[in-house]
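Structural characterization, general
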Amino acid sequence: MKIMVVGGGGREHAIIKKLKENKNVEVIFALPGNGGIAADATCVPVKATDIEGIVEFAKANAIDYAVVAPDDPLVLGAVDALNAIGIPCFGPEAKAAIIEGSKVFSKDLMKKYGIPTAQYEVFTDMDAALSYLEDAPIPTVIKADGLALGKGVIIAQTRDEAKKAVVSMMRDKAFGKSGDRIVIEEFLTGPEVSVLSFTDGKTVVPMISSMDHKRAGDNDTGLNTGGMGTIAPNPYYTDAVASECMEKIFLPTINAMNAEGRTFKGCLYFGLMITPHGPKVIEYNCRFGDPETQVVLPLLESDLLEIMMATTNGTLAETEVKFADKNACCVIMASGGYPTSYKKGFEITLPAEVAENVYVAGAEIADGKLVTSGGRVLGVTAVAPTLKDAIDASYGMVEKISFEGGFFRHDIGARAMAAKEA
Ligand code: AMP
Ligand code: GLY
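1. Points about the site of ligand 1
Taken together, 15 residues form the shell around ligand 1, and within it E185, L188, E192, K214 and E283 come nearest. Note that a nitrogen atom of ligand 1 is positioned 2.8 Å from one of the backbone N or O atoms of E186. Between E192 and ligand 1, the recorded distance is 2.4 Å, taken from a side-chain N or O atom to an oxygen atom. Elements supplying a minimum of two residues to the shell around ligand 1: β7 (140-144), β8 (153-156), β9 (182-186) and β17 (278-285). Its residues placed into classes, the shell around ligand 1 shows 8 nonpolar, no polar and 7 charged.

2. So, the nonpolar core
Residues M4, L82, I99, Y237, F250 and L272 are the most contacted members of the largest nonpolar core, which totals 48 residues. For this core, the leading source of residues is helix α9 (residues 239-259), giving 8 residues. Setting aside chain neighbours within four positions, we find L82 in contact with M4, I54, V55, A58, A66, V68, I87 and C89. Judged by nonpolar contacts, the second largest core, of 39 residues, contains I16, V25, Y65 and L300.

3. Considerations on the pairing of strand β18 (residues 327-334)
Most of β18 is tucked away: 8 of the 8 residues are buried. Note that strand β15 (residues 229-232) and β18 share 4 bridges and pair antiparallel. Its bridge partner lying in β18, A232 is registered against A328. Here β18 pairs with strand β22 (residues 376-384) via 8 bridges, running antiparallel. Following the sheet pairing, M333 is matched in β22 by L378.

4. Looking at the packing of aromatic side chains
Applying the stated criterion to the full structure yields 9 aromatic pairs. Between F29 and F57, the aromatic rings sit 5.0 Å apart at their centres with planes inclined by 75°, giving edge-to-face as the arrangement. One end of the pair, F29, is in strand β2 (residues 27-32); the other, F57, is in helix α2 (residues 51-60), with 28 residues separating them in the sequence. Judged by relative accessible area, F29 falls into the buried class, the value being 13%. Residue classification places F57 among the buried residues on the basis of a relative accessible area of 13%. With centroids separated by 6.4 Å and ring planes inclined at 65°, the aromatic side chains of F90 and F198 adopt a geometry described as edge-to-face. Note that F90 is positioned in strand β5 (residues 89-90) and F198 in strand β10 (residues 192-199), a separation of 108 residues in sequence. In this structure F198 comes out as buried when scored by relative accessible area, which is 0%.

5. Concerning the pairing of β7
When you tally the buried positions in β7, you get 5 out of 5 residues, the bulk of the element. Residues of β7 alternate between two faces, with T140, I142 and A144 on one and V141 and K143 on the opposite face, all of them buried. Where β7 lies against β8, 4 bridges are found, and the strand directions are antiparallel. By the bridge assignment, K143 is partnered in β8 with V153. Here β7 pairs with β9 via 5 bridges, running antiparallel. Opposite V141, over in β9, you have E185 as the bridge partner.

6. Notes on the packing of helix α5 (residues 94-101) against helix α6 (residues 103-112)
One can describe the packing of α5 onto α6 by two numbers: an axis separation of 6 Å at closest approach and a directional angle of 90°. In terms of axis orientation, α5 runs roughly perpendicular to α6. Contacts between α5 and α6 involve I98, I99 and G101 on the former and, on the latter, K103, F105, S106 and L109. Split into classes, the residues belonging to the contact of α5 with α6 amount to 4 nonpolar, 2 polar and 1 charged.

7. Focus: a nonpolar patch on the surface
A contiguous nonpolar patch, built from V153, I155 and F187 and spanning about 210 Å² of accessible area, is present on the exposed surface. Following the sequence through the fold, F187 ends up in the loop between β9 and β10. Relative accessible area serves as the criterion here: at 33%, F187 is assigned to the partly exposed category.

8. Describing unusual backbone geometry
L31 connects to P32 through a cis peptide bond whose omega is 0°. Mapped onto the elements, P32 comes out in strand β2. A cis amide bond links A232 with the next residue in sequence, P233, at an omega value of -5°. Here P233 lies in the loop between β15 and α9. Despite not being glycine, A62 shows a phi value in the positive range, around 45°. Structurally, the position occupied by A62 is in the loop between α2 and β4 (65-68). The phi angle at N219 is positive, at roughly 55°, despite the residue not being glycine. N219 sits in the exposed class, given a relative accessible area of 62%.

9. Brief notes about the site of ligand 2
Near ligand 2 the following residues occur: D212, Y269, N285, R287, G289, D290 and E292. The separation between a nitrogen atom of ligand 2 and a polar side-chain atom of D212 is 2.9 Å. The backbone of D290 places a nitrogen or oxygen atom 3.0 Å from an oxygen atom of ligand 2. Burial of ligand 2 by the protein amounts to 87% of the accessible area it has alone, namely 200 Å². The residue inventory of the shell around ligand 2, partitioned by class, reads 1 nonpolar, 2 polar and 4 charged.

What counts, and at which threshold
- Residues numbered from 1 in each chain as written.
- Chains lettered and ligands numbered in written order.
- Predicted model: local features only at pLDDT ≥ 70, side-chain atom pairs only at ≥ 80, totals over all residues.
- Heavy atoms only, no water.
- Near = heavy atom within 4 Å.
- Polar contact = N/O pair within 3.5 Å; in protein donor to acceptor, adjacent residues only side chain to side chain.
- Helix = DSSP H or I, 4+ residues; strand = E, 2+ residues; numbered from the N terminus.
- Nonpolar A, V, L, I, M, F, W, Y, C, P; charged D, E, K, R; others polar.
- Core = buried A, V, L, I, M, F, W, Y, C linked by side-chain atoms within 4.5 Å.
- Buried < 20%, exposed > 50% of the residue type's maximum accessible area, 1.4 Å probe, protein only.
- Contact = heavy atoms within 4.5 Å.
- Pairing = 2+ DSSP bridges.
- Phe/Tyr/Trp six-rings, centres within 6.5 Å; stacked < 30°, edge-to-face > 60°.
- Axes fitted to C-alpha atoms, helices over the stretch in contact; angles between N-to-C directions.
- Parallel < 35°, antiparallel > 145°, perpendicular 65-115°, else oblique.
- Patch = residues over 30% accessible without salt bridge, like charges linked within 9 Å, V, L, I, M, F, W, Y side chains within 5 Å.
- Areas by Shrake-Rupley, 256 points an atom, 1.4 Å probe, with all protein chains shown as cover.
- Salt bridge = Lys/Arg side-chain N within 4 Å of Asp/Glu carboxyl O.

As far as function goes, none of this settles anything; it's purely spatial.
Written as structure tokens, this is what we have:
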């Protein structure tokens, strides 16, 4: 089979490595891929948001199955466009991807169908939002409606900060049109859990749970990033929490999307907070998480391509989805300065004995050498029987890898270890 994977980060690298395990896969094209993915797939210089380019390539190369991994092409309708020329795809159509594409849509969906989430108000008028903030409980959370590269959420600790966030989104258009509508919501507390799930629109199969580490610095200090590391499974996601989530969140969400005529197929990501009042949805993503995928897929024992095709064909209920009873840890190595400005083009020292466990996010090949080309550069994943062993093994590999100015968090998994010991 000829497979095409749209995207070019660490998540896509993890997906590609897993797809390669299927013996029917002859070739995988990555659009655009990256310098590290090039070791596992044929990279094609077509941007993930170039829907026309993607469709043209797929047609010209008689692609048998496509995987659209990032949010923007899904929201832009890449799956619809590929389906229209008869190419089956993993991922939701645009009308279902809206569950991530519009926070207003997802909040209204949860309200309408009684799915637990933070209380909220929607505003299209800046003055109305500002006057609401005069009496709103603080801290409060301000969210731009549309996609904002993961940066459209501001947790305001003071009334003043909240007002500034509203002005920057609605008047100054910090996130462009994404800020035309905003959500102001209740600030929730509790540990966060990421649960990615496979769904064919009828059956929903949660994958092993995970925990992201979003801040740039140790002990959750510094700016928010795209994710500095992950562990799986997440110790806060107990069996009791899992069954409550299935009953109150996962199945109701799949049913709600069907009832709205927006059947979701692909990977539906539940960003959950385990609050003192039970699990609540912080966000939905219409795709695999990054860097959650880099710990979840290495633990998958079943065949990823078969599962993906089952979500497309509606046969997920009959398909085996089995995870190893082990732990995984992924430490992200980033460019100095990330998530603000950073320099690129530094050569990466990546010994062969660790390369197998590295998912490349931001690197390219220049003069035959692997050099940095993004903020998050590499994800280094270890799988082991215990979480402690996975953490130690992952950091052991990180010590062997280097590039100028590179940094990483030293405490990936520390909170999970503390929770296990508590
Ligand atoms: P999101 O982009 O929706 O994932 O939000 C980014 C991060 O902001 C989440 O992972 C949470 O840590 C935090 N967050 C979002 N909404 C809330 C909320 N209502 N209460 C507390 N924290 C939140
Ligand atoms: N790790 C969070 C996300 O993929 O959005």
